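So the chains spell out like this:
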Amino acid sequence: MKKYYTLALLITALGQQAFTQVGGNQVYRNNNSGSAPVASNNIYSTDSTLVVRASVLLNKQADHYYMTIGVKEEGETVAGCSRKLNNRIASLMAGLKAIGVKEEESYVDFISQTRIYGHKIEGNTVTEFLEGFEIRKNLIVKLRSLELIGQAIALSAEQGVYDIVKVEYRNDDTEKIYDQLFDEAIGVIEKKKQQFARHSSVRVSDTYRVIKDDFRIYNPQGQYRQYDEAYETSAVDLDYSRNHIKKEVRKDRTFYYEGAQNYVGVDIVLDDISPVVGIQYILELSMIYELEK
């Protein structure tokens, strides 16, 4: 009896763990429009036709990455400013070459050349004057792995460069990815058609055609969401002297990745890279079949 009681407690505890809800700090996100369910339309029929829809999603790790690094320099003259900027970029490029980035896999994009103005105050007069110049350039490099991105960021910091403008994800053969998703979608449609046939007295004919093909690519840079502040605060009585100044503690903003399957209805998720963030491809395919009369 004692062993049975212990086992019962263990099963109860495991059962409670299995049904525990985990929301995470994303519950602090401001959902102004409310929570909408993920839905998809699968089968639609009339007295003469049957329309079957399938949606397939593939998570694919990038084959390479384009990283844009923002570099700027200030100087009293354009020539001096340009010289210092070019030297900094050359030093950064030498470091990138050492980790395997080829010269033809990099490009320097000129962004802007602007004047910098200062001012001086004499009595009640504020006078502006030309203080120098600022030149901005973007260094765009092609990187073959996520590890190289981290190394490139570290090399940039060594040169006093901290502006990582963006990282773009790319795959080499999107046509091959499309073919893979098309075959998967056809399999899903065939299964749904058979389900319809099993639960309908109307026979599906051999006449059919594709009526819609929607191929979409979701790049990671557009898949990040934000919640501003995850914290609880105490109440403050504002009925006090206005001579006091309230200094607030800095509160972090958090960004997180949310996959397209969380808001786009799909039948199958082909995922062999999770939890790695990659490119998401979705193919929605619709076919129409004639029904026998």
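This section reports on the structure supplied with the text. (Residues numbered from 1 in each chain as written. Predicted model: local features only at pLDDT ≥ 70, side-chain atom pairs only at ≥ 80, totals over all residues. Heavy atoms only, no water.)

1. Concerning the environment of D213
Then, in step 1: As for its position among the elements, D213 is in strand β7 (residues 204-218).
Then, in step 2: Using a relative accessible area of 39% as the deciding quantity, one classes D213 as partly exposed.
Then, in step 3: Separated by 71 residues in sequence, D213 and E284 place their C-alpha atoms 5.9 Å apart.
Then, in step 4: Apart from the residues lying within four places of it in its own chain, the contact partners of D213 are Y178, L283, E284 and L285.
Then, in step 5: Only 2.6 Å separates the side chain of D213 from the side chain of Y178, close enough to count as a polar contact. (Helix = DSSP H or I, 4+ residues; strand = E, 2+ residues; numbered from the N terminus. Buried < 20%, exposed > 50% of the residue type's maximum accessible area, 1.4 Å probe, protein only. Contact = heavy atoms within 4.5 Å. Polar contact = N/O pair within 3.5 Å; in protein donor to acceptor, adjacent residues only side chain to side chain.)

2. Looking at a negative patch on the surface
Then, in step 1: Together, D63, D172, D173, E175, D179, D183 and E184 make up a region of like negative charge exposed at the surface.
Then, in step 2: When you line up the elements, D183 lands in helix α4 (residues 174-198).
Then, in step 3: Residue D183 is classed as exposed on the basis of its relative accessible area of 56%. (Patch = residues over 30% accessible without salt bridge, like charges linked within 9 Å, V, L, I, M, F, W, Y side chains within 5 Å. Areas by Shrake-Rupley, 256 points an atom, 1.4 Å probe, with all protein chains shown as cover. Salt bridge = Lys/Arg side-chain N within 4 Å of Asp/Glu carboxyl O. Lys, Arg positive; Asp, Glu negative; His and termini not counted. Charge placed at Lys NZ, Arg CZ, Asp CG, Glu CD.)

3. Some words on the layout of surface pockets
Then, in step 1: Taken as a whole, the second largest pocket holds about 190 Å³ of empty space.
Then, in step 2: Lining the second largest pocket are G70, V71, K72, R88, I111, R136, K137, N138, G160, V161, Y162 and D163. (1 Å grid on protein atoms, 1.4 Å probe; cavity = no way out; pocket = protein on both sides within 12 Å on 5 of 7 lines; lining within 4 Å. Points joined across faces, edges and corners; volume = space filled by probe spheres on them.)

4. Regarding the nonpolar core
Then, in step 1: Counting residues in hydrophobic clusters, the biggest one holds 42 residues, and the most contacted among them are L96, V141, L143 and L181.
Then, in step 2: Sorting the residues of this core by element identifies β2 (49-60), β3 (64-75), α2 (78-98), β5 (125-143), α3 (146-158), α4 and β11 (279-291) as the ones contributing at least two each.
Then, in step 3: With near-sequence residues (within four places) excluded, L96 lies in contact with V101, L139, V141, A152 and L155. (Core = buried A, V, L, I, M, F, W, Y, C linked by side-chain atoms within 4.5 Å.)

5. Examining the side chain of E105
Then, in step 1: As for its position among the elements, E105 is in the loop between α2 and β4 (106-122).
Then, in step 2: We classify E105 as buried; its relative accessible area is 15%.
Then, in step 3: Within polar-contact distance, the side chain of E105 engages the side chain of R144 at 3.5 Å.
Then, in step 4: With sequence-adjacent residues up to four places away left out, E105 is seen in contact with G100, I140, V141, K142 and R144.

6. Some words on the side chain of K142
Then, in step 1: Its location among the elements puts K142 in strand β5.
Then, in step 2: Although K142 lies buried, it forms no salt bridge, and the closest oppositely charged side chain, E105, sits 5.0 Å away as judged by the N-O distance.
Then, in step 3: Ignoring anything within four residues of it in the chain, the contact list for K142 reads H64, Y65, Y66, V101 and E105.

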